[in-house]
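Summary of structural features
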Amino acid sequence: NQATAYIPTEFCLCHPEDPNHQYIDRTAVATNQATGEECLVLYQDKLNADLSEALRSLKTAASKIEKFLKKKQTKIVSILCVAQVVSYNRDSTSVKKFPFPIVLIDQKSLRNVYRGTFANAIEYQRQRSGCPQL
């Protein structure tokens, strides 16, 4: 996929132009309320795929974007990766060796991460895609 020169800003949700993207599903900027530092959040939804594939995609995207952001000297100082997966083992090698901070979301942790009606929407998305319920 071809990168663009667009740099995300706060209050802007971005997604790949190509629906057959390889690496991420969407991205947004989060601001640390205490320090004012900006963080780029990369989201990968792998509802029917394994965790290692999701992490490979996120790592590739995060590494490329990190280099781009450093070259452009943006206000974004870090990258956080979020993977929505069927299930995961926090002790797996791919999770332990992941080079960026990561939040893993599976069916069991869904309501702890997403509150209210958004959790219902995610559950519906999972059911519609044929994702097994845990």
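The following paragraphs examine the structure supplied in this document. Keep in mind that what you see is a predicted model, and the values were worked out from it rather than measured.

1. Considerations on the pattern of salt bridges
Applying the stated rule across the entire model yields one salt bridge. Of the charged contacts, one joins glutamate 38 and lysine 75 as a salt bridge, the two residues approaching to 3.7 Å between their closest N and O atoms. Here glutamate 38 is found in strand E2 (residues 38-46), whereas its partner lysine 75 is found in the loop between helix H1 (51-72) and strand E3 (76-85), with 37 residues between them in sequence. Among the residues examined, lysine 75 registers a relative accessible area of 62% and is labelled exposed.

2. Structural notes on the sheet that holds E3
Consider a sheet: its strands pair through backbone hydrogen bonds, and that pairing is either parallel or antiparallel. The strand order across the open sheet formed by four strands is E1-E2-E3-E4, and the pairing between neighbours is mixed. In this open sheet, the two strands that pair with only one neighbour each are strand E1 (26-31) and strand E4 (102-105). In this sheet, adjacent strand axes meet at a mean angle of 25° when their direction is disregarded. The sheet contact formed by E2 and E3 spans nine bridges and is parallel. Each bridged residue has a counterpart across the sheet, and for aspartate 45 the counterpart in E3 is glutamine 84. Strand contacts of H1: E2, E3 and E4, with the helix running at about 150° to E2, the strand carrying the most contacts.

3. Let's talk about the environment of aspartate 45
Examined against the element boundaries, aspartate 45 turns out to sit in strand E2. Take aspartate 45: its relative accessible area is 18%, and that puts it in the buried class. A C-alpha to C-alpha distance of 6.4 Å links aspartate 45 and valine 85, two positions 40 residues apart in sequence.

4. Describing the side chain of threonine 27
By secondary structure assignment, the location of threonine 27 is in strand E1. A polar atom in the side chain of threonine 27 sits 2.9 Å from the backbone oxygen of valine 41.

5. Some details on the pairing of E3
By the criterion of burial, E3 is predominantly enclosed, with seven of the ten residues buried. As paired strands, E3 and E4 are joined by four bridges and run parallel to one another. Note on E4: the bridge partner recorded for cysteine 81 is isoleucine 102.

6. Some words on the nonpolar core
The tendency in soluble globular proteins is for nonpolar side chains to be buried side by side. The biggest cluster of nonpolar side chains holds 21 residues, and the ones touching the most others in it are Leu42, Leu58, Cys81 and Ile102. Sorting elements by how many residues they give to this core places H1 first, with seven residues. If we ignore the near neighbours within four places in the chain, the residues touching leucine 58 are Tyr23, Ile24, Leu42, Tyr43, Gln44, Cys81, Val82, Ala83, Phe98 and Ile102.

7. Comments concerning the state of the cysteines
Applying the stated criterion to the full structure yields zero disulfides. Cysteine cysteine 39 shares no disulfide, and the gap to the nearest cysteine sulfur, in cysteine 81, comes to 8.8 Å. What makes cysteine 81 buried here is its relative accessible area of 0%.

8. A few points about H1
Because an α-helix packs 3.6 residues into every turn, residues spaced three or four apart end up facing the same way. For H1, spanning 22 residues, the distance from its first C-alpha to its last is 31 Å, which sits close to the expected 32 Å at 1.5 Å a residue. Taken residue by residue, H1 has Leu51, Ala54, Leu55, Ser57, Leu58, Ala61, Ala62 and Leu69 as its buried positions. Around the axis of H1, the buried residues are gathered within 155° of arc, so they sit on the same side. In this structure, H1 carries Arg56, Lys64, Lys67 and Lys71 as exposed residues pointing more than 90 degrees from its buried face. For H1, the elements touching its buried residues are E2, E3, helix H2 (93-96) and E4. Taken from the residues just after H1, glutamine 73 is the one with a positive phi, measuring 55°.

Reading the values: rules and limits
Residues numbered from 1 in each chain as written. Predicted model: local features only at pLDDT ≥ 70, side-chain atom pairs only at ≥ 80, totals over all residues. Heavy atoms only, no water. Salt bridge = Lys/Arg side-chain N within 4 Å of Asp/Glu carboxyl O. Helix = DSSP H or I, 4+ residues; strand = E, 2+ residues; numbered from the N terminus. Buried < 20%, exposed > 50% of the residue type's maximum accessible area, 1.4 Å probe, protein only. Pairing = 2+ DSSP bridges. Axes fitted to C-alpha atoms, helices over the stretch in contact; angles between N-to-C directions. Contact = heavy atoms within 4.5 Å. Polar contact = N/O pair within 3.5 Å; in protein donor to acceptor, adjacent residues only side chain to side chain. Core = buried A, V, L, I, M, F, W, Y, C linked by side-chain atoms within 4.5 Å. Disulfide = S-S within 2.5 Å. Expected span 1.5 Å × (residues − 1). Arc of directions from axis to C-beta.

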